[in-house]
Amino acid sequence: MTGPAAEDLEAKREFITAYFEERASLVGFLPTLDEQGHELEARTLCLVYIEGLANGLNLPGANSPRYFSKALVEYSGEEQLFSLILPKWLMKALHWKNAPRGLDAALATAIAALAPDQAFLPTEFLDRVKPHLTPDQFKWLEPELWRGSIANGVYVSLRSPAVHFGGVTHGMSFSSTFRGKPIPRIDFHNLYPALVSLLAHAKEVSEATGKWFGVE
């Protein structure tokens, strides 16, 4: 059995190019929407487009929160901001039902020893809490750490209300600081550049491979 004919591959590339041209046009309209006083609508569409691209890059999987968070961290151009771990948020966001016995108490103790209201890079946070955890607890926590990130906070606090409840009229603000400096408020004005960067990545990988989002 032979692979797809050259003409079929070329036709697929043309469809891919047309698709991303259309996406770019839709995305390009969002600043106009914001400037016209519709920040909520612009932000909602921005979040929906981010989620769609993130899911496309992870086909055929089905874990929108994780893919959304991963996309913001890896392809937004703001890796440090979106990867920051908020310890208090982590304690709320972890799925404790599946956690090793005693992790909740051990992690709470570890977090209590940290400077209050501080955000941490993932590696920094893991280094700080590791001495308080058993090997099994740490092994479980490491791949689940994304749940405590600002990226996942955006998904839960902005994306989900936008999709299911018509959105919220404000962005996402933080009482925590990072290395002594305030963490920027998350709203349309920093989500939009993240979307533009993510769209460029998805387009590049699709055109380079001749596959939708580089995976099919």
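Shown above is the structure to which this text applies.
Below is a summary of the structure that appears in this document. Everything numeric in this text was worked out from a predicted model, so none of it was measured. (Residues numbered from 1 in each chain as written. Predicted model: local features only at pLDDT ≥ 70, side-chain atom pairs only at ≥ 80, totals over all residues. Heavy atoms only, no water.)

**Side note on the overall build of the protein chain**
Across its full length, the protein chain holds 10 helices and two strands. Counted from the first residue to the last, the protein chain has its helices and strands arranged as α-α-α-α-α-α-α-α-α-β-β-α. Taken along the three principal axes of its C-alpha coordinates, the protein chain extends 60 × 55 × 30 Å. Looking at the protein chain as a whole, 44% of its 216 residues qualify as buried. Pairs at least 24 apart in sequence give 71% of the contacts found in the protein chain among residues at least 6 apart. On the protein chain, roughly 11600 Å² of surface is accessible, and the fraction owed to carbon and sulfur atoms is 56%. (Helix = DSSP H or I, 4+ residues; strand = E, 2+ residues; numbered from the N terminus. Buried < 20%, exposed > 50% of the residue type's maximum accessible area, 1.4 Å probe, protein only. Contact = heavy atoms within 4.5 Å. Areas by Shrake-Rupley, 256 points an atom, 1.4 Å probe, with all protein chains shown as cover.)

**Overview of the nonpolar core**
If you look at the biggest cluster of nonpolar residues, it comprises 46 residues, and the most contacted ones within it are Phe82, Ile150, Val154, Ile183, Ile186 and Leu191. Where this core is concerned, the elements lending two or more residues are α1 (6-35), α2 (39-56), α3 (64-75), α4 (79-83), α5 (87-93), α9 (150-165) and α10 (188-209). When residues of this core are assigned to their parent elements, the largest contribution, eight residues, is made by α10. If we skip the residues at most four places from it in the chain, phenylalanine 82 touches Leu72, Val73, Ser76, Ser149, Ile150, Ala151, Val154, Ile186, Leu191 and Ala194. (Core = buried A, V, L, I, M, F, W, Y, C linked by side-chain atoms within 4.5 Å.)

**Looking at the side chain of serine 160**
Structurally, serine 160 is set in helix α9. Judged by its relative accessible area of 17%, serine 160 falls in the buried class. Of note is the side chain of serine 160, whose polar atom sits 3.3 Å from the side chain of arginine 159. (Polar contact = N/O pair within 3.5 Å; in protein donor to acceptor, adjacent residues only side chain to side chain.)

**Section: the environment of alanine 110**
Tracing the backbone shows alanine 110 in helix α6 (residues 103-112). On the basis of relative accessible area, alanine 110 is assigned to the buried category, the value being 1%. Taking the C-alpha atoms as reference, alanine 110 lies 40 Å from valine 215; in sequence the two are 105 residues apart. Alanine 110 has contacts with Val129 and His132, leaving out every residue within four places of it along the chain.

**Some points on the pattern of salt bridges**
Taken as a whole and judged by the stated rule, the model has seven salt bridges. One salt bridge in this structure joins glutamate 124 and arginine 179, with 2.4 Å as the shortest N-O distance. Highlighted residues: glutamate 124 in helix α7 (residues 122-129) and arginine 179 in the loop between β1 (177-178) and β2 (181-182), separated in sequence by 55 residues. In this structure, glutamate 207 and lysine 203 form a salt bridge, with 3.2 Å as the shortest nitrogen-oxygen distance. Pair noted here: glutamate 207 and lysine 203 are both in helix α10, with a separation of four residues, about one helical turn. Residue classification places glutamate 207 among the partly exposed positions, given a relative accessible area of 28%. (Salt bridge = Lys/Arg side-chain N within 4 Å of Asp/Glu carboxyl O.)

**Observations concerning α2**
The end-to-end C-alpha distance of α2, which contains 18 residues, comes to 26 Å, matching closely the 26 Å that a straight helix rising 1.5 Å per residue would cover. Within the sequence span of α2, burial applies to Glu39, Ala42, Arg43, Thr44, Cys46, Leu47, Tyr49, Ile50, Glu51, Leu53, Ala54 and Gly56. (Expected span 1.5 Å × (residues − 1).)

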